[in-house]
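Commentary on secondary and tertiary structure
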Amino acid sequence: VLHTTRALHTAQQRLAPLPPLPEKGGEVRYGLIPEEFFQFLYPKTGVTGPYMLGTGLLLYFLSKEIYVINHETVAAACILSVIIYGIKKYGSDVAAFADKLNEEKVAKALSVKNEAIKDLETAIEQEKKEQWRVEGCKYLFDSKRNNVAMLLETNYRERLLTVYNEVKKRLDYQVAMQNLKRQKEQDHMIQWVERNVAQSITPQQQKESIAKCILDLKALSKTAQAAV
Amino acid sequence: MNLSFFDQFTSPYLLGIPLILLSVLFPALLFPTPNNRWVTNRLSTLQLWLLNLITKQLMIPLNKKGHKWALILTSLMILLLTINLLGLLPYTFTPTTQLSMNMALAFPLWLATLLTGLRNQPTTSLGHLLPEGTPTPLIPALIMIETASLLIRPLALGVRLTANLTAGHLLIQLIST
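Everything numeric here is computed off the predicted structure, so don't read it as measured data.

The rules behind the values
Residues numbered from 1 in each chain as written. Chains lettered and ligands numbered in written order. Predicted model: local features only at pLDDT ≥ 70, side-chain atom pairs only at ≥ 80, totals over all residues. Heavy atoms only, no water. UniProt positions renumbered as here; feature names shortened; annotations may be inferred. Helix = DSSP H or I, 4+ residues; strand = E, 2+ residues; numbered from the N terminus. Salt bridge = Lys/Arg side-chain N within 4 Å of Asp/Glu carboxyl O. Buried < 20%, exposed > 50% of the residue type's maximum accessible area, 1.4 Å probe, protein only. Contact = heavy atoms within 4.5 Å. Buried area = accessible area lost by both parts, 1.4 Å probe. Polar contact = N/O pair within 3.5 Å; in protein donor to acceptor, adjacent residues only side chain to side chain. Nonpolar A, V, L, I, M, F, W, Y, C, P; charged D, E, K, R; others polar.

**Structural notes on the UniProt feature "transmembrane region" (unreviewed entry) in chain B**
In the numbering used here, UniProt assigns the feature "transmembrane region" (unreviewed entry) to residues 12–31, 69–93 and 99–118 of chain B. Taken end to end, residues 99–118 of chain B has its terminal C-alpha atoms 28 Å apart, with 100% of it in helix and 0% in strand.

Listed below in structure tokens is the structure:
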């Protein structure tokens, strides 16, 4: 906490933090009288000094009737005993409660800081991971490029095959047409020749050729017999 | 000096100087001033916790505009609490047993609430004079009664505090003997 807020502007403004609170409060004896009083009287009267002072004062007030014992004295004694009993019994609990309140306040602020630190650390880790991923991107792109090239190649080859098949089909057709034509011409010619020959063979010629064949056969049979 | 039971209700005078102001202001000394630290000592922490508790209880039913009453109501509550509790100790004087002080507290606060209500929402505040669901013939009589009760309210508040404290402290004294 800074000194920028100061009561009635009595002190100078200072931007340094306040000094921390001391760990324990001032020493008191019997919960009421600070230790400094006893130390103050110690050089003159020793250890029993303040007690003698207290006893003397009390006896003086009582004897001179400056303080009269009446019903309120009894009331005061009762109230005092109840208060002391209450403090002895519940004092530490109340102190622990107050300490817990303070601890919770400090812990809440600390948790904010710790959470912020944790969030930043996770962010750093994620950033590192992203960087590693970027390094690996190179290989990723290479493999993707290879894939694309392969696809293109395959497609090209398929198309080439298609073209070749189509062209072959057309050329086969032409070849088949030509062959058919040749065949038809050949058949037609053979038939024409056969027809004409069959027509040209007159019966006279048929008899002469048959007679000649018989003569040839006879001649051949004579020579054949000799060969066997 | 022989003390009777009613001596605790006499306004204290020292050589003719009225000490009533001192006895009203004295409880303020018992609370440590909250310093500027964030983490304070135990007493300050407990005091702060108590203040937060009381303010929360007072301010939760109110909307944002009503929160400007927080300071006066909380400080009033703490003052009355301390004054009344301190009066239980022997040889102490409780200022709130004096009717004058209670009327001085009651009249301005009551008047403030009345005027604030009349100023901001006049129809609603006047409408409060008639409870819901009253049969029609009773309306004039009821309005008179509600107005009378409204005007009597500060007297009632003041006397209520006085009587409660006086009777309570007296009763405690009686029982303790």
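This is not the end of the story, as more comes after the structure.
**Here's the deal with the pattern of salt bridges**
Taken as a whole and judged by the stated rule, the model has ten salt bridges over all chains. In this structure, Asp99 of chain A and Arg42 of chain B form a salt bridge, with 3.1 Å as the shortest nitrogen-oxygen distance. Within this pair, whereas Asp99 of chain A is found in helix 3 (residues 71–200), its partner Arg42 of chain B is found in helix 2 (residues 42–59), the two belonging to separate chains. For Asp99 of chain A, a relative accessible area of 31% puts it in the partly exposed group.

**Here's the deal with the interface of chain A and chain B**
Taken together, the contact between chain A and chain B spans 25 residues of the former and 19 residues of the latter. Around 2200 Å² of area is buried between chain A and chain B when both sides are counted, 64% of it from carbon and sulfur atoms. Applying the counting criterion to the chain A and chain B interface returns five residue pairs in polar contact (both at pLDDT 80 or more). The residue makeup of the side of chain A that touches chain B, split by class, is 16 nonpolar, five polar and four charged.

**Structural notes on the side chain of Gln98 of chain B**
All names here are of chain B. Within the element layout of this structure, Gln98 appears in the loop between helix 3 (70–86) and helix 4 (99–120). Residue classification places Gln98 among the buried residues on the basis of a relative accessible area of 16%. Filtering out sequence-adjacent residues up to four positions away, Gln98 remains in contact with Phe9, Ser11, Ile20, Phe93 and Thr162.

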